[in-house]
Structures are given as C-alpha cells and as structure tokens.
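Listed below are the residues making up each chain.
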There are 2 protein chains.
Amino acid sequence: MAAAEYTLIYWPMLPGRGEFVRLMFEASGTAYRDLAREPKEKGGGVPAVLRYTRGEVPGPTPFAAPILHHGDRVIAQLPNIVQYLAPRLDLAPAGEAEQVLAHQLQLTIGDVVNEVHDTHHPLGNGFVYEDHPEAALIRARFFREKRLRRWLAYFEAAIERSARGWLVGERLTAVDLSLFQLLEGLAFAFPRAFGEVRAEIPRSMTLRARVAEQLAEYLASTRRLPFSRHGIFRDYPELDGSAG
Amino acid sequence: MAAAEYTLIYWPMLPGRGEFVRLMFEASGTAYRDLAREPKEKGGGVPAVLRYTRGEVPGPTPFAAPILHHGDRVIAQLPNIVQYLAPRLDLAPAGEAEQVLAHQLQLTIGDVVNEVHDTHHPLGNGFVYEDHPEAALIRARFFREKRLRRWLAYFEAAIERSARGWLVGERLTAVDLSLFQLLEGLAFAFPRAFGEVRAEIPRSMTLRARVAEQLAEYLASTRRLPFSRHGIFRDYPELDGSAG
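Below: a short report on this structure. (Residues numbered from 1 in each chain as written. Chains lettered and ligands numbered in written order. Predicted model: local features only at pLDDT ≥ 70, side-chain atom pairs only at ≥ 80, totals over all residues. Heavy atoms only, no water.)

### Quick word on the packing of aromatic side chains
Counted by the stated rule, this structure contains 20 aromatic pairs over all chains. Aromatic pair Phe227(A) and Phe233(A): ring centres 5.6 Å apart, planes at 80 degrees, arrangement edge-to-face. The pair Phe227(A) / Phe233(A) is uniform in exposure class, with both members buried. Centroid distance Phe25(B) to Tyr32(B): 4.7 Å. Interplanar angle 15 degrees. Geometry classified as stacked. A single burial state applies to Phe25(B) and to Tyr32(B), both of which are buried. Among the aromatic residues, those joined into a cluster by ring pairs are Phe63(A), Trp151(B), Tyr154(B) and Phe155(B). (Phe/Tyr/Trp six-rings, centres within 6.5 Å; stacked < 30°, edge-to-face > 60°. Buried < 20%, exposed > 50% of the residue type's maximum accessible area, 1.4 Å probe, protein only.)

Structural data, given as structure tokens:
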C-alpha cells in the first residue's frame with residue numbers, strides 16, 4: 001500500500017463520528033490510512049486510539065476521537081477536522097460567507113448527532129443503555145416528537161435556499177456528506193419516526209440519494225461499517241416508539 | 001450612540017452562550033450592539049431573537065441564538081461566531097496550526113457547556129428542571145464525579161503545553177475568554193465540586209484571574225449579566241452534591 005497522506009484514528013467497531021471523516025476521503029477519492037482498523041499487531045485496534053487520547057503521540061492531546069493525523073498535525077473535534085480537510089479535498093464551498101455557513105450547518109448536524117446519542121445515553125456516557133431505560137424512553141420520545149421534524153425541516157430549508165440541491169453553494173461539499181450520514185443514521189435508528197417525516201423533506205431525500213449514488217462503490221464495500229447497537233445510531237425499537 | 005459594526009442577538013435574561021461572544025467584544029474594546037437587551041419598543045427583547053430564528057431577517061436562518069449580525073452576514077453557532085470574530089478583533093492566534101488548535105479547544109469547551117446544561121436538563125430542553133429531578137441528580141453526579149476533573153485537567157494540560165499561561169500561543173486569545181467563562185460558570189454552579197478540583201489546576205486559575213483583571217471594568221458593570229437559575233450554569237445545591 002502506498003503511504004497515505006492522511007490518517008484517521010477512530011474506534012474500529014462502529015461508524016460513529018469517524019464515519020463523517022471517512023466519507024470525505026471516500027467521496028473525494030483520497031487515499032487514507034484507517035489506523036485503528038488495522039490489526040493490533042501492526043499498531044492498529046483500540047490501542048491506537050488510546051495512544052492519541054493518552055498523549056503518547058507528539059502534538060496537542062485530543063480529548064476524544066475522531067482524530068486526524070496529517071504530517072506533524074494531530075487534529076481533533078469532528079467539525080474542526082471537517083473544516084481542515086474540506087479545502088484540501090476540494091470539498092469546501094468557495095468564499096468566506098459560504099464557508100462560514102457550511103461550518104454553521106456542520107455544527108448544527110453535530111448538535112443533532114449529540115441529541116441522537118443522548119436518546120440512549122440520557123444520563124451520561126459512563127452508563128450503558130440498559131442502566132436507565134426509562135429515562136431513555138422519555139428522552140427519545142421528546143426527540144421524536146419535538147425535535148426530529150424541526151431539525152429536518154431546518155436542513156430542508158437550507159437546501160431550498162441554496163437552490164442547487166446542496167446545503168451550500170452549487171455543488172457537493174463536506175457538509176452534504178455529513179447530512180447524508182445523519183439521514184442514514186436516522187433512518188436506521190428511527191425507521192418509524194423518520195418514515196413519518198421523509199415525505200416532508202424531498203430535497204434532503206434527493207441529496208441523500210445523490211450522495212449514495214456517488215458513494216455506491218464504497219457503501220457496498222467492507223470499508224463501510226454497518227450501524228449496530230454500538231455508537232450513536234442504534235436500532236432500539238422502543239426508542240422509535242414502535243414497542244413498549 | 002455611534003452605530004456599532006457588530007450586533008449580538010441573544011436571550012436578554014441570561015448570560016448563556018451569548019456571554020462567550022460578549023466577552024470578545026469587551027476584552028477587545030470593540031463597540032457592539034446587544035440587540036435583544038434593548039427595549040422591545042426599540043426592536044429589542046425576546047422578539048428580536050425570534051425575528052432571526054424564524055427567518056424574518058435576510059440571510060441563512062439560524063437554528064438558535066447566539067447570532068452575530070455583521071454587515072449583511074447573519075452567523076450562528078457559538079464556535080462559528082468565535083472563529084469568525086477572533087481574527088477581526090485581534091483575538092486569534094497566528095498561523096493555521098494554532099488556529100486549528102484554538103478551534104479544537106473551543107469546541108471542547110462547548111462540549112463541557114453542553115454537559116453542564118444536561119445536568120439540569122437530562123431528558124431534553126423541552127422540560128423544566130423540576131420535571132425530572134431524579135434524572136438530574138444522576139446526571140449531575142456523573143458529571144461531578146467522572147467528568148469535571150477530567151475536563152479541567154485537559155485544559156490545564158493545554159495551558160501547560162503552551163507554556164505561556166494561555167491555552168494557545170503567547171497571548172490571550174478568544175478561547176482563553178471562553179475558558180474563563182466556563183470556570184466562572186462552574187464555580188457558580190458547582191461551588192463544592194469545583195472547590196475540590198481548583199487546587200489541581202493552578203494554571204487555569206491564574207488564567208481566570210488574569211482575564212478577570214483585564215475585564216474588571218466590564219465585570220463590575222451592569223452589562224455583565226449575573227448567573228442565575230436560567231440558562232446553562234445554575235446553582236442548585238443538590239446537583240452540586242451538597243444537599244439531598
């Protein structure tokens with residue numbers, strides 16, 4: 001394998017926030033090393049993540065993964081990584097105003113991701129879902145009934161405003177990839193609740209389909225990690241309001 | 001009053017996330033309009049915020065406040081606003097590597113702010129604290145016992161690494177102001193728990209004191225909104241582990 005310029009460091013068993021970075025490499029056809037998904041014997045696996053978060057790698061210590069290692073730079077925080085990579089991978093809009101808007105939408109997607117995480121971890125990430133199922137039911141119901149439609153309408157309006165089928169500007173940029181991943185995750189975790197809203201967000205669904213088409217080879221490959229009951233998007237029927 | 005170049009739009013009754021922006025104007029001696037704190041009759045008050053979040057102002061609609069209006073630009077998401085303003089107010093570090101690190105730390109401060117908010121709103125922001133006091137007790141205890149020390153040690157290490165008494169680079173930048181505000185809020189909301197950690201973070205406490213000195217006139221003024229039981233940082237003794 002030729003040496004890749006970029007290395008992603010993220011928990012190897014789940015798509016999580018790392019997948020948002022991975023999609024940027026895949027959509028732009030950029031070679032990257034997916035370090036923690038390499039065998040432990042070759043320096044990969046979970047220990048690779050811990051080397052970074054424990055400060056055993058030169059550079060500022062990240063609080064958490066995903067982490068990007070590029071040359072001598074070690075960069076953390078997903079929106080920060082996206083912003084750093086976007087112009088380098090030709091996935092940034094042109095001009096400051098559109099870049100600021102793209103980052104604003106990226107951060108808002110991050111807020112939705114946090115809320116989805118909290119549906120199964122309402123009382124802190126030091127617990128497991130099974131510790132507080134009643135709290136999760138309340139949190140998830142609030143998300144489904146009061147937040148999901150509002151968030152999705154917000155992104156739909158942004159696409160409508162741009163008038164070109166993308167969130168910002170005239171072509172696909174990094175934030176579109178993140179919206180794609182968010183929609184994929186919501187469809188997985190909340191098939192019933194998301195199913196009730198999808199007809200109201202035609203532009204978002206078209207964007208999702210266009211990104212899926214562009215990423216078809218990747219999405220069918222083993223590089224694409226499936227959603228499961230690890231990570232952010234989890235398919236607990238009771239949190240989707242379809243049981244209990 | 002001379003026309004200010006910058007307008008901040010934020011809920012007028014609480015410091016919240018708006019205060020992090022306000023501190024940038026105050027520390028840099030920049031004139032700004034604090035729109036929602038002006039009288040309703042003059043276009044201020046809560047209706048001013050709603051005009052923006054309901055899309056009644058030209059430009060991309062913000063999902064939530066704080067909002068910055070600068071010329072024809074309407075910008076939302078706190079870390080985005082900080083990043084936009086920092087170079088304009090001479091509060092950004094020099095060079096891309098340090099700017100990326102500053103944004104990374106800014107986003108991490110944002111994560112702490114979210115966790116603090118969730119100590120009194122564990123099941124969603126559509127409830128009031130009194131709706132789920134038992135869940136809040138669990139969430140707050142987790143924050144105090146498993147997160148607070150770890151977050152604070154992280155920022156302490158960043159200051160130690162920079163070796164100049166600031167989070168990034170050789171002088172005060174916007175992210176230092178945000179750390180100051182975070183420490184102020186933690187000291188208010190968790191006097192007992194924060195009191196137990198403060199001796200372990202001497203560099204952070206020195207930074208806090210230096211910023212307080214620089215902002216002394218502002219902090220003593222009526223422009224500075226006090227913490228209360230609205231907003232992010234709230235002084236419920238039971239969530240600090242000092243009752244119940």
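### Some points on the layout of surface pockets
Of the voids in this model, the second largest pocket is the one considered here, and its volume is about 780 Å³. Forming the walls of the second largest pocket are 39 residues, and the residues nearest its centre are Gln83(A), Gln99(A), His103(A), Gln83(B) and His103(B). Looking at the lining of the second largest pocket, the elements with two or more residues in it are helix H3 (78-88), helix H4 (96-120) and helix H6 (174-189) of chain A together with helix H3 (78-88), helix H4 (96-120) and helix H6 (174-189) of chain B. Grouping the amino acids of the lining of the second largest pocket by side-chain chemistry returns 23 nonpolar, 12 polar and 4 charged. (1 Å grid on protein atoms, 1.4 Å probe; cavity = no way out; pocket = protein on both sides within 12 Å on 5 of 7 lines; lining within 4 Å. Points joined across faces, edges and corners; volume = space filled by probe spheres on them. Helix = DSSP H or I, 4+ residues; strand = E, 2+ residues; numbered from the N terminus. Nonpolar A, V, L, I, M, F, W, Y, C, P; charged D, E, K, R; others polar.)

### Let's talk about the packing of helix H5 (residues 133-162) of chain A against H6(A)
When two helices pack together, you describe them by how their axes are tilted relative to each other and by the distance separating the axes. Residue and element names in this part refer to chain A. Direction vectors running N to C along H5 and H6 enclose 150 degrees, while the axes themselves pass 13 Å from each other. Judged by the angle between their axes, H5 and H6 are roughly antiparallel. Once H5 is placed against H6, the crossing between them reads as left-handed. Across the interface between the two elements, Phe143, Leu148, Leu152, Phe155 and Ile159 of H5 pack against Leu179, Leu182, Leu183 and Leu186 of H6. (Axes fitted to C-alpha atoms, helices over the stretch in contact; angles between N-to-C directions. Parallel < 35°, antiparallel > 145°, perpendicular 65-115°, else oblique. Left-handed = near helix turned anticlockwise from the far one by under 90°. Contact = heavy atoms within 4.5 Å.)

### Notes on the side chain of Gln181(B)
All names here are of chain B. Turning to its location among the elements, Gln181 is positioned in helix H6. Reaching out from Gln181, the side chain makes a polar contact with the side chain of Arg224 at a distance of 3.0 Å. In this structure Gln181 touches Pro15, Glu19, Phe20, Leu23, Arg224, Phe227 and Phe233, once residues within four positions along its chain are discounted. (Polar contact = N/O pair within 3.5 Å; in protein donor to acceptor, adjacent residues only side chain to side chain.)

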